[in-house]
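Observations on the three-dimensional arrangement
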Amino acid sequence: MTFCWRLVRNFCKFRVPVVQNRFCYITTMAYQYPSARREDVKDTYHNVEVADPYRWLEDPDAEDTKQYVEEQNAVTHPYIEECSFKEEINKSVTKLWNYPKYSTPFKQGSKYYQYRNTGLQNQSVIYQLDSLDSEATVFLDPNLLSKDGTIALSTSKFSEDGKVFAYGLSSSGSDWIEIKFRNVETGKDYNEILTKVKFSPMTWMHDNKGFFYGAYLHKQGKADGSETDCNEYQKLYYHCLGTDQSQDFVVVEFDDPQLRIGATVSYCGKYLVVTAVKGCKNNLLYFARMDGEVTGKLNLKPVVTELEADYEYITNNGSKFFFRTNKDAPNYRIIVIDFDNPDKANWSTLVPEHEKDVLDWGKAINTNQLVLCYLRDVKNTLSLHKLESGEKIMDFPIELGTINGISGKREHTEMFYRFVSFLTPNIIYKVDFSGSTIKQTVFHETKVGDLDPSKYVSKQEFYTSKDGTKVPMFIVHKKGFVMDGTKPCMLYGYGGFNINVTPSFSVSRLVFVNHFDGCFVVANIRGGGEYGDKWHNGGRFANKQNCFDDFQYAAKYLVENKYTNSDKLTILGGSNGGLLVAACINQAPQLFATAICQVGVLDMLRFHKFTIGYAWKSDYGSSETSEGFDYLYKYSPLHNIKIPEGDVQYPATLLLTADHDDRVVPLHSLKFIAELQHKIGNVPKQTNPLMVRVETRAGHGAGKPTAKLIEEVTDTLCFIAKSTNLEFHE
């Protein structure tokens, strides 16, 4: 048997700072944490004075901040390296990761395209095919753009005729992209490059000459993802293919600096549908008729001028436009708005709201049909409807899992969709509408090495939260798993922004289940969209504590039902899920052995002051209002660190962040770890490590190269195993 653990040496009841370079160190048992200087910085919120001693860590370019990051990594990396079976974990992760990956094929012009990855390529490659049966050739390989794979294809859009490919590249994980244009026939790029593009739509005029995109061309200073200033005053621009960006002009702008502009050229090509959003929920709706060439600002016609609901454009028949909306429908419905007479009194319902199932998305196909995807108890269903009447034609046979990819245009007589689950990496189905009957076949099924799904159990259970609410959770473990309360468990949660956490295939989870004889659990806590607006609103604003209660009661359920015990239970979450993890270890540290907090939102009083943070006020509220401050201050992870009572200590905690994360900027993690180590790190009973891992040339997560993902998963599993004395099984 191989164990991962550290020898604990004797320690005194007081701590002696050890001076090294410009930082002193908090020495606690076997750990020496860099002690960040505390400055006398205070803010007053609604007559309440709040200290912010680590305000200086908000400057990513300051030499002290850079050195602090280096000193923290110098503590974390050796701890992880000491895991005696790190090499075995890395080999297992790499082996399981090394399987071929395919997207749904999609047709543009006369060609088919497909994203493929042989297994360990840093970025997936776009292949081109003359037909579905022909040999594929490389169309665009992002791996050739950087040696370390940190330049990623972030977004793309073909022109209507399929002859030009617009593609956005991000560097080091940043949300900033540069847009380039490729001639499909020659494979050569046009000369122009569009810069300072972020949170941008990409939509072509149907004459294939012009292109709409969103940008911050007025921005001064750097725009590489390492800056923290707010992204404001986005404008929608028009670019004429073959010209320099300096000739682009504004077609849509709003007075509100925080509106981000979505835009779609309609199915018929005669309208531009504009959906402006300020937060992460609810959008405005405008349209412009496009007769002839675009020469300047568009004449926008208002349809919805208040941020009261979501409106997602699907397609249109002439002036009649089809939208998915939650307006007067918490589980969403399909409505029709006639742009010739767009008053709300004239709107009609095509597909009514389902009383229980949540309408996830809709897509037009086969000229006059509509594919609708619903969420039923956190599993997807798929149905086909008549576009004119909304009448259901059929249900597609779907197993328990998630549809996470679909392709096909309205004029096409075929479509492809991709199904995944906790134990199914990828099944691509082809649906043929051209015959007298609709025919569905398996187009591709991915196999992962010697993985045998029949050796595992994947199930859904419901537990009762603090206020009596029934909350679903998914549980995955090997067959024969003994529920004796001794097994390790990894509990994941998110709970925010109307996001559904549905079944998905994960290498890291299976490595944990395989080699530590553990179970993996997803708790579908409130704040997500699993049960529509009611579920989302149950975890927003002043109701955010419900998310933390749901997660803590998930942990209690797992212990009470002997899936695990509190000494073997790891919790993890990223972004809003990082907030969840940090809040829970503050509120109930006794429930958990290990906590993995990835790119978390941790300073709830100042999050809205950096990059795109103001958009999260639609879920969190903000400290700018008295009510918002009151509930945020009560759970803000940075402001609620305290020494636990009795012999309880904080769980072993690993924060993960990255230097180019311009979504949740790294200052959140840096300030939190500084405060955590200051208040808890020098307490004698705190023998569990409190650490942070700061990645370089990486961002919030999107576009991260495979090599970095495997390294991060390896380090995380090593930290979990070492901190909870897990045994590695071959």
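What counts, and where the lines are drawn
Residues numbered from 1 in each chain as written. Predicted model: local features only at pLDDT ≥ 70, side-chain atom pairs only at ≥ 80, totals over all residues. Heavy atoms only, no water. UniProt positions renumbered as here; feature names shortened; annotations may be inferred. Helix = DSSP H or I, 4+ residues; strand = E, 2+ residues; numbered from the N terminus. Rg over C-alpha atoms; globule rule 2.2 N^0.38 Å. Buried < 20%, exposed > 50% of the residue type's maximum accessible area, 1.4 Å probe, protein only. Contact = heavy atoms within 4.5 Å. Areas by Shrake-Rupley, 256 points an atom, 1.4 Å probe, with all protein chains shown as cover. Pairing = 2+ DSSP bridges. Axes fitted to C-alpha atoms, helices over the stretch in contact; angles between N-to-C directions. Phe/Tyr/Trp six-rings, centres within 6.5 Å; stacked < 30°, edge-to-face > 60°. Lys NZ or Arg CZ within 6 Å of the ring centre and 35° of its normal. Salt bridge = Lys/Arg side-chain N within 4 Å of Asp/Glu carboxyl O. pLDDT = per-residue confidence, 0-100. Parallel < 35°, antiparallel > 145°, perpendicular 65-115°, else oblique. Left-handed = near helix turned anticlockwise from the far one by under 90°. Lys, Arg positive; Asp, Glu negative; His and termini not counted. Polar contact = N/O pair within 3.5 Å; in protein donor to acceptor, adjacent residues only side chain to side chain.

Under an unreviewed UniProt entry, the name given to the protein chain is Prolyl endopeptidase, and the organism recorded is Nicrophorus vespilloides. UniProt lists a comment for the protein chain under the heading Catalytic activity (unreviewed entry), and it reads "Hydrolysis of Pro-|-Xaa >> Ala-|-Xaa in oligopeptides."

So, about the overall build of the protein chain. Looking only at helices and strands, the protein chain has ten helices and 41 strands in total. Taking 730 residues into account, the globule formula puts the C-alpha radius of gyration at 27 Å, and the protein chain, at 26 Å, falls close to it. With the C-alpha coordinates of the protein chain rotated into their principal frame, the extents come out at 80 × 55 × 50 Å. Evaluated residue by residue, the protein chain yields a buried proportion of 60% over its 730 residues. Summarising the internal contacts of the protein chain: among those between residues at least 6 apart in sequence, 58% fall at separations of at least 24. Just so you have it, the protein chain exposes about 29,100 Å², and 48% of that area is on carbon and sulfur atoms.

Let us now look at the environment of His-660. Its place among the elements puts His-660 in the loop between strand E40 (652–658) and helix H9 (667–679). In this structure His-660 comes out as buried when scored by relative accessible area, which is 14%. When the C-alpha positions of His-660 and Ser-172 are compared, they lie 6.3 Å apart, and in sequence the two are 488 residues distant. His-660 has contacts with Ser-172, Gly-173, Ser-174, Asp-224, Gly-225, Ser-226, Arg-697, Ala-698 and Gly-699, leaving out every residue within four places of it along the chain.

Another aspect to go through is the sheet that holds strand E19 (residues 271–277). The four strands are arranged E18-E19-E20-E21 in an open sheet whose pairing can be described as antiparallel. Since the sheet does not close on itself, it has two edges, and those belong to strand E18 (260–265) and strand E21 (301–304), each with one partner. For this sheet, the mean angle separating the axes of adjacent strands, direction not counted, is 25°. In the sheet, E19 pairs with strand E20 (residues 285–289) via four bridges, with the strands oriented antiparallel. Each residue of the ladder has a partner; that of Val-273, found in E20, is Phe-287.

Across all of its chains, the model carries 49 aromatic pairs by this definition. Look at Phe-211 and Tyr-213: their rings are 6.3 Å apart centre to centre, the planes differ by 25°, and that puts the pair in the stacked class. The structure contains a cluster of three or more aromatic residues connected by ring pairs, namely Phe-106, Tyr-113, Tyr-115, Phe-139, Phe-158, Phe-165 and Tyr-167. We note Arg-324 situated over the ring of Tyr-332; from NZ or CZ to the ring centre the distance is 3.8 Å. Over the aromatic face of Tyr-79 sits the side chain of Lys-722, whose NZ or CZ is 4.9 Å from the ring centroid.

What follows deals with the UniProt feature "domain: Peptidase S9A N-terminal" (unreviewed entry) in the protein chain. With numbering aligned to this structure, UniProt lists the feature "domain: Peptidase S9A N-terminal" (unreviewed entry) at residues 34–439. A helix fraction of 8% and a strand fraction of 43% characterise residues 34–439, whose end C-alpha atoms lie 63 Å from each other.

Read from one edge to the other, the open sheet built from four strands follows the order E26-E27-E28-E29, with strand pairing classed as antiparallel. Only two strands of the sheet have a single partner each, and these edge strands are strand E26 (358–365) and strand E29 (392–395). Each strand axis lies, on average, 25° off the axis of its neighbour in the sheet, ignoring direction.

Taken as a whole, this structure holds 48 salt bridges when the rule is applied. Notably, a salt bridge pairs Asp-715 with Lys-86, separated by 3.4 Å at the nearest N-O pair. Linking Asp-715 in helix H10 (residues 706–723) with Lys-86 in helix H2 (residues 86–97), this pair joins segments that are 629 residues apart in sequence. In this pair, the class of Asp-715 matches that of Lys-86, namely buried. The partner of Asp-229 in a salt bridge is Lys-219, and the shortest N-O contact between them spans 2.8 Å.

Next up on the list: the UniProt feature "domain: Peptidase S9 prolyl oligopeptidase catalytic" (unreviewed entry) in the protein chain. Mapped onto this structure's residue numbering, the UniProt feature "domain: Peptidase S9 prolyl oligopeptidase catalytic" (unreviewed entry) falls at residues 503–725. Here residues 503–725 is 40% helix and 13% strand, with 29 Å between the C-alpha atoms at its ends.

Quick look at the confidence of the model for the protein chain now. Taken residue by residue, the protein chain gives an average pLDDT of 95. The fraction at 70 or more is 96%. The lowest-confidence element of the protein chain is strand E1 (residues 18–20), averaging 33 in pLDDT; the highest-confidence one is helix H5 (residues 545–560), averaging 99. Across residues 1–28, where pLDDT falls below 50, the model places 81 contacts with residues more than four positions away in sequence or in other chains.

In this section: unusual backbone geometry. With phi around 60°, Tyr-233 is a residue other than glycine that occupies positive phi space. Tracing the chain through its elements places Tyr-233 in the loop between strand E15 (210–215) and strand E16 (235–240). Here Tyr-233 falls in the partly exposed class, since its relative accessible area comes to 39%. Residue Phe-541 is not a glycine yet carries a positive backbone phi of 50°. Examined against the element boundaries, Phe-541 turns out to sit in the loop between helix H4 (532–537) and H5.

So, on to the environment of Cys-280. Within the element layout of this structure, Cys-280 appears in the loop between E19 and E20. Taking the C-alpha atoms as reference, Cys-280 lies 6.0 Å from Ser-618; in sequence the two are 338 residues apart. Dropping the residues within four chain positions of it, Cys-280 is found in contact with Phe-497, Ala-615, Trp-616 and Ser-618.

Now for the packing of helix H1 (residues 63–81) against H9. Two elements in contact, H1 and H9, have axes separated by 12 Å at closest approach and are oriented at 60°. When the axes of H1 and H9 are compared, the pair comes out oblique. Between H1 and H9 the crossing geometry is left-handed. Side by side, H1 and H9 meet where Thr-65, Tyr-68, Val-69 and Gln-72 of the first sit next to Leu-670, Ile-673, Ala-674 and Gln-677 of the second.

Let us look at the environment of Phe-512. For Phe-512, the location among the structural elements is in helix H3 (residues 507–516). For Phe-512, a relative accessible area of 1% puts it in the buried group. Measuring from C-alpha to C-alpha, the distance between Phe-512 and Val-351 comes to 43 Å, with 161 residues separating the pair along the chain. Those residues in contact with Phe-512, other than ones at most four positions away along the chain, are Pro-488, Cys-489, Met-490, Asp-517, Gly-518, Cys-519, Leu-717, Ile-720 and Leu-726.

The subject of this paragraph is the side chain of Asp-661. Position of Asp-661 among the secondary structure elements: in the loop between E40 and H9. Of the side chains with opposite charge, Arg-663 lies nearest to the buried Asp-661, which makes no salt bridge, at 6.1 Å. Separated by 3.0 Å, the side chain of Asp-661 and the backbone nitrogen of Val-664 make a polar contact. A polar atom in the side chain of Asp-661 sits 2.9 Å from the side chain of His-700.

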